[in-house]
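The chain contents come next:
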Amino acid sequence: MNEHLHQPNAAQLAEIEATCACLNVRKAARAITQLFDEVLQPTGLRSTQFPLLVAVALRGEAPVTQLAEELVMDRTTLARNLKPLESQGLLTIEAGTDRRRHLVRLTERGRQALARALPYWEQAQHQVVTRLGQEQWHALRDSLQATMTLAQSV
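Thresholds, definitions, all that
Numbering of residues starts from 1 in each chain and follows the order in which that chain's sequence is written. Confidence filtering applies because this is a predicted model: local features only for residues at pLDDT of at least 70, side-chain atom pairs given and counted only at 80 or more, and all residues used for totals across whole chains, interfaces and linings. As a rule here, side-chain values cover all heavy atoms of the structure and leave hydrogens and water aside. Numbering of helices and strands runs from the N terminus, with a helix taken as a DSSP run of H or I at least four residues long and a strand as a DSSP run of E at least two residues long. Two things to know: the radius of gyration comes from C-alpha atoms, and the globule rule equals 2.2 Å times the number of residues to the power 0.38. Any residue under 20% of the maximum accessible area for its type is buried, any over 50% is exposed, and the rest in between are partly exposed; the area is computed with a 1.4 Å probe on protein chains only. By the convention used here, residues are in contact when the closest approach between their heavy atoms is within 4.5 Å. Note on areas: these come from Shrake-Rupley sampling with a 1.4 Å probe, and a residue is covered only by the protein chains present in the view. In this tally, Asp and Glu contribute negative charge and Lys and Arg positive charge; neither His nor the terminal groups of the chain are included. Lysine's charge is taken at NZ, arginine's at CZ, aspartate's at CG and glutamate's at CD. Think of each axis as a best-fit line through the C-alpha atoms, taken over the contacting stretch in the case of a helix, with angles from 0 to 180 degrees between the N-to-C directions. Roughly parallel here means an angle under 35 degrees, roughly antiparallel means over 145, roughly perpendicular means 65 to 115, and every remaining angle is called oblique. Each crossing gets its handedness from the near helix: less than a right angle anticlockwise from the far helix is left-handed, clockwise is right-handed. Amino acids outside the nonpolar list (Ala, Val, Leu, Ile, Met, Phe, Trp, Tyr, Cys, Pro) and the charged list (Asp, Glu, Lys, Arg) are all regarded as polar, and Gly is one of them. Any Lys or Arg side-chain nitrogen found within 4 Å of a carboxyl oxygen on Asp or Glu counts as a salt bridge. At least two DSSP bridges between two strands are required for those strands to pair.

Draft legend 1. Spatial organisation of the overall build of the protein. Of the regular secondary structure elements, the protein holds 7 helices and 3 strands. When the helices and strands of the protein are listed from N to C terminus, the series reads α-α-α-β-α-α-β-β-α-α. The C-alpha radius of gyration of the protein comes to 19 Å, more than 25% above the 15 Å expected for a compact globule of 154 residues. For the protein, buried positions account for 23% of its 154 residues. Contacts spanning at least 24 positions in sequence make up 49% of the contacts within the protein whose residues lie at least 6 apart. In the structure as shown, the protein presents an accessible area of about 11,000 Å², 56% of it carried by carbon and sulfur atoms. Charged side chains of the protein number 17 positive and 16 negative; the gap between the two group centres comes to 7 Å.

So, in C-alpha cells, the structure goes:
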C-alpha cells in the first residue's frame, strides 16, 4: 500500500458512500432484515434465527464449523447466535467425539417453532419477490451468489 496519505474531499467521500459495495450490500441486508423481522415478530423468531433453524433441520445434525462455512459466518458468531435458540429449547449443541467438535440438532420444540414460523417467512418472502418481480428477484439472487463467490475467492 502507498504510505503517502491524502485527505479525501467531500466529493470523493460522497462517491465512496454511493458506490461502496460493502456499504450498499449491508444497507440492503439491513432493510430486508427489518422487513423479515417485522413479519416474523409474532413467532418470537428473528430473521437471523429462522435460517439457522432451517439449516439445522435440513442437515438433521451438523457440526458448528460446517454450519458456519455453509452459512458464510464466523464460527464464534454462529455459536453466539445459536445460544439463544439452545436456551429456548429449539436446538441442542453437544460435544461430538472430539471435544472441539460440537454438533447441533433441532429439538421437537425447534421443529414445531420452524413449522409455526414458516407461513410468516413465506409472507415476507412473497412481499420481497412481489415488490421486485420474479425476474428481478432471480437476477438479484444470482448476483448475490456471484458476489459471495467473488468475495470468497479473494
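Draft legend 2. Quick look at the packing of helix α3 (residues 50-59) against helix α4 (residues 64-71). α4 packs onto α3 with a crossing angle of 120° between their chain directions and a minimal axis gap of 11 Å. Accordingly, the angle class assigned to the pair α3 and α4 is oblique. Helix-helix and strand crossings are classified by hand; for α3 and α4 the assignment is right-handed. The segment α3 lies against α4, with Leu 52, Ala 55, Val 56 and Arg 59 engaging Gln 66, Leu 67, Glu 70 and Leu 71. Of the residues belonging to the contact of α3 with α4, the class tally is 5 nonpolar, 1 polar and 2 charged.

Draft legend 3. Layout of the pattern of salt bridges. Counted under the stated rule, the structure contains 6 salt bridges. Each of Glu 61, Glu 94 and Arg 105 takes part in one network of salt bridges that share partners.

Draft legend 4. Region of the structure containing the pairing of strand β3 (residues 102-106). Pairing geometry for strand β1 (residues 61-63) and β3, over 3 bridges, is antiparallel. Residue Pro 63 lies in a different strand from β3, and its bridge partner there is Leu 103. Relative to β3, strand β2 (residues 91-95) runs antiparallel, the two being bridged by 5 bridges. Across the sheet, residue Leu 91 finds its bridge partner in β3, namely Leu 106.

Draft legend 5. Fine view of the packing of α3 against helix α6 (residues 108-132). With their axes 11 Å apart at the nearest point, α3 and α6 run at an angle of 125° to one another. On the basis of their axis angle, the class for α3 and α6 is oblique. Like other packed secondary-structure pairs, α3 and α6 cross with a definite hand, here left-handed. Taking contact as the criterion, the partners of Phe 50, Leu 53, Val 54 and Ala 57 in α3 are, on α6, Leu 114, Ala 117, Leu 118 and Trp 121. Split into classes, the residues belonging to the contact of α3 with α6 amount to 8 nonpolar, no polar and no charged.

Draft legend 6. Looking closely at the sheet that holds β3. Taken in spatial order, the 3 strands of this open sheet run β1-β3-β2, and their pairing is antiparallel. Where the open sheet ends on each side, the last strands, each with one partner, are β1 and β2. Averaged over neighbouring strand pairs, the angle between their axes works out to 25° when direction is ignored. Where α3 meets the sheet, its contacts fall on β1, β2 and β3, and the angle it forms with β3 comes to roughly 95°.

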